[in-house]
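Reading the structure
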Amino acid sequence: MEVRKKIPCSIIRGGTSRGIYFLEKDIPEAGPERDGFLLRVMGSPHQRQIDGLGGGASVTSKAAIVGPSLREDADVDYTFAQVSVDKPLVSYKGNCGNISSGVGPFAIEQGLVKITEPITEVRIYNTNTNKVIIAEVQVENGQVQYQGETKIAGVCGTAAPIRLKFMNPSGTISKRLLPTGKAVDVLDIPGFGAMEVSIVDAANPLVFVRAADVGMKGSELPFEIDQDKEKLELLEKIRGIAAVHLGLIEDYKSSSWKSPGIPKMTMVAEPADYTDSDGNAVEKSEVDLLGRMMSMQKAHPTYAMTGAMCTAAAAAVPGSIVAQIIGKKAKCGSVRIGHPGGVLEAGADYTEGEAEPVIGYTYGIRTANLIMEGNFIDKFTSKKT
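Residues numbered from 1 in each chain as written. Predicted model: local features only at pLDDT ≥ 70, side-chain atom pairs only at ≥ 80, totals over all residues. Heavy atoms only, no water.

1. Comments concerning the pairing of strand S9 (residues 162–167)
Quick note on the threshold: Only strands joined by at least two bridges in the DSSP assignment are considered to pair. Helix and strand assignments follow DSSP, with helices taken as H or I runs no shorter than four residues and strands as E runs no shorter than two, numbered in order from the N terminus.
Relative to S9, strand S7 (residues 131–140) runs antiparallel, the two being bridged by 4 bridges. When the bridges of S9 are listed, Glu-136 appears paired with Arg-163.

What follows is the structure in structure tokens.
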């Protein structure tokens, strides 16, 4: 027997991603039923997600689940879900900074927070990482303001700025900024050999490698990376070995299924002139380093916001691969990252610690756009009782 339900939702562009935003009370509880629901929402598994709301790419196959918080330090709870495009898989490991930027506007639109003008501060507890995010959202005449003059790389036009602060971001999978206690680890990569990496955990855990060490320049565009099958296999192997090193999985060969989203594979290189995905020239004087990230085993079309914040935190770690590349600029707290979509700036407020820097918060500017409000028509088969 076919059952149909109308599920209220909003489609919001957050940063350089697009997601489906739900109130937690409107969807199934956490577990297999919720996973099945989110797969139906996106139309997964299918390369084009033609039968759902996904866009055939990891950055458009995301969901935010939001509800009132019982915590004293938060207004709303937010769970991020990464829905695989081509696998029947929903991952809740890690957070998405871009989707996080849409949570504040969504919470205001849904009446979950008290409005103050001209800036409404929304305190967001992210259940994936057990961290609090503060979003500063522009409001006028009781409404979220989406139009503005802020331009972010990877998005057409301009919009109102949303300032994000990830409070005490270190230790989303452990209790430390450096989960292994080292600024640089040497991993033994089967079929390749020794590989120096920096594993840093702030906002999300990232594994950094020098682009040159994996045969890259650091200025490649996503399609160039995605069409190199051997490169993709090597990068996923490194990421999988790092996941084993972190205790996330037992066998690196299972990384794409058991821990597909974290740690996030990131290749960095010294500043250089390059052309971005829109054909715009980016001069080396505009950036502090080049960065290329992977997302669900494919090249990220731009650069994850949590990745940028973690990169800024990594720059504060003496001897890390990021700090080695940036050099003296690493002490300024703010990092300009040259990525396929252009330039992204993020920063870290930190103090020196005995074993590692103490990161008070990381920060960055995003924009968001409310695209649609309506109902997802959920259809499923139910046995007669």
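2. As for the environment of Thr-306
The cut-off we apply is this: Buried means the residue's accessible area, taken with a 1.4 Å probe over protein chains only, is under 20% of the maximum for its type, while exposed means over 50%, and partly exposed covers the values in between. The contact criterion used throughout is that any non-hydrogen atoms of two residues lie within 4.5 Å.
Inspection of the secondary structure puts Thr-306 in helix H6 (residues 305–315). On the basis of relative accessibility, which here comes to 1%, the residue Thr-306 falls in the buried class. The spatial distance from the C-alpha of Thr-306 to the C-alpha of Ser-295 is 12 Å, given a sequence separation of 11 residues. Non-local contacts of Thr-306, meaning those with residues more than four positions away in its chain, are made with Asn-95, Cys-96, Gly-97, Phe-166, Ala-202, Ala-203, Asn-204 and Lys-264.

3. What about the pairing of strand S20 (residues 358–366)?
As defined by bridge partners, S9 adjoins S20 across 6 bridges and the pair is classed as antiparallel. From the neighbouring strand, Arg-163 faces S20, where its bridge partner is Ile-365. Of the pairings in the sheet, the one linking strand S19 (residues 342–351) to S20 comprises 6 bridges and is antiparallel in character. From the neighbouring strand, Gly-347 faces S20, where its bridge partner is Tyr-363. Linking S19 to S20, which pair antiparallel, is a turn of 6 residues.

4. Here's the deal with the pattern of salt bridges
Where we set the bar: Counted as salt bridges are all cases of a side-chain nitrogen of Lys or Arg within 4 Å of a carboxyl oxygen of Asp or Glu.
According to the stated counting rule, one finds 12 salt bridges in the structure shown. For the salt bridge of Asp-86 with Lys-87, the shortest nitrogen-to-oxygen distance reads 3.8 Å. Owing to a relative accessible area of 42%, Asp-86 belongs among the partly exposed residues under this scheme. Note on Lys-87: relative accessible area 16%, which makes it buried. Of the charged contacts, one joins Arg-210 and Glu-196 as a salt bridge, the two residues approaching to 2.9 Å between their closest N and O atoms. One end of the pair, Arg-210, is in strand S12 (residues 204–210); the other, Glu-196, is in strand S11 (residues 193–202), with 14 residues separating them in the sequence. Where salt bridges share partners, they join Glu-196, Arg-210 and Asp-213 into one cluster.

5. So, the environment of Leu-235
Its place among the elements puts Leu-235 in helix H4 (residues 229–245). The spatial distance from the C-alpha of Leu-235 to the C-alpha of Glu-270 is 19 Å, given a sequence separation of 35 residues. Leaving out residues up to four positions away in the same chain, Leu-235 has contacts with Val-214, Ile-225, Met-265, Met-267 and Met-294.

6. As for the side chain of Thr-311
To keep things clear, this is the line we draw: We call two N or O atoms a polar contact when they sit within 3.5 Å, provided that within protein one can donate a hydrogen and the other can accept it, with sequence-adjacent residues counted only if both atoms are side-chain atoms.
Mapped onto the elements, Thr-311 comes out in helix H6. Of the polar contacts made by the side chain of Thr-311, one reaches the backbone oxygen of Gly-307; its length is 2.7 Å. Residues within four places of Thr-311 in sequence aside, it is in contact with Leu-206, Phe-208, Leu-289, Tyr-303, Val-322 and Ile-337.

7. Some words on the packing of aromatic side chains
Remark: the centre distance and the inter-plane angle together describe each pair of aromatic rings, the angle taken between the planes. Cut-off, in case you're wondering: Ring pairs are drawn from Phe, Tyr and Trp, using the six-membered ring of Trp, whenever the two centres fall within 6.5 Å, and their geometry is named by plane angle: stacked under 30 degrees, edge-to-face over 60, tilted for the rest. We call a charge positioned over a ring when the NZ of a Lys or the CZ of an Arg lies within 6 Å of the ring centre and within 35 degrees of the ring normal.
Enumeration over the complete set of coordinates arrives at 4 aromatic pairs. Measuring from centroid to centroid gives 5.7 Å for Tyr-21 and Phe-106, while their planes differ by 45°, and the two rings are tilted. On the criterion of sequence distance, the pair formed by Tyr-21 in strand S2 (residues 17–23) and Phe-106 in helix H2 (residues 97–109) is long-range, its members being 85 residues apart. Under the relative-accessibility criterion, Tyr-21 is labelled buried at 0%. Looking at Phe-106, the relative accessible area reads 2%, which means it is buried. Consider the rings of Tyr-361 and Tyr-363, whose centres lie 6.1 Å apart with planes at 55°: the pair is tilted. Grouped by ring-pair contacts, the aromatic residues Phe-22, Phe-37 and Phe-376 constitute a single cluster. Directly above the ring of Tyr-125 sits Arg-71, whose terminal nitrogen or CZ lies 4.0 Å from the centroid.

8. What to know about H6
Of all 11 residues in H6, 11 are buried, a share of seventy percent or more. Turning to H6, its buried residues number three or more, namely Met-305, Thr-306, Gly-307, Ala-308, Met-309, Cys-310, Thr-311, Ala-312, Ala-313, Ala-314 and Ala-315.

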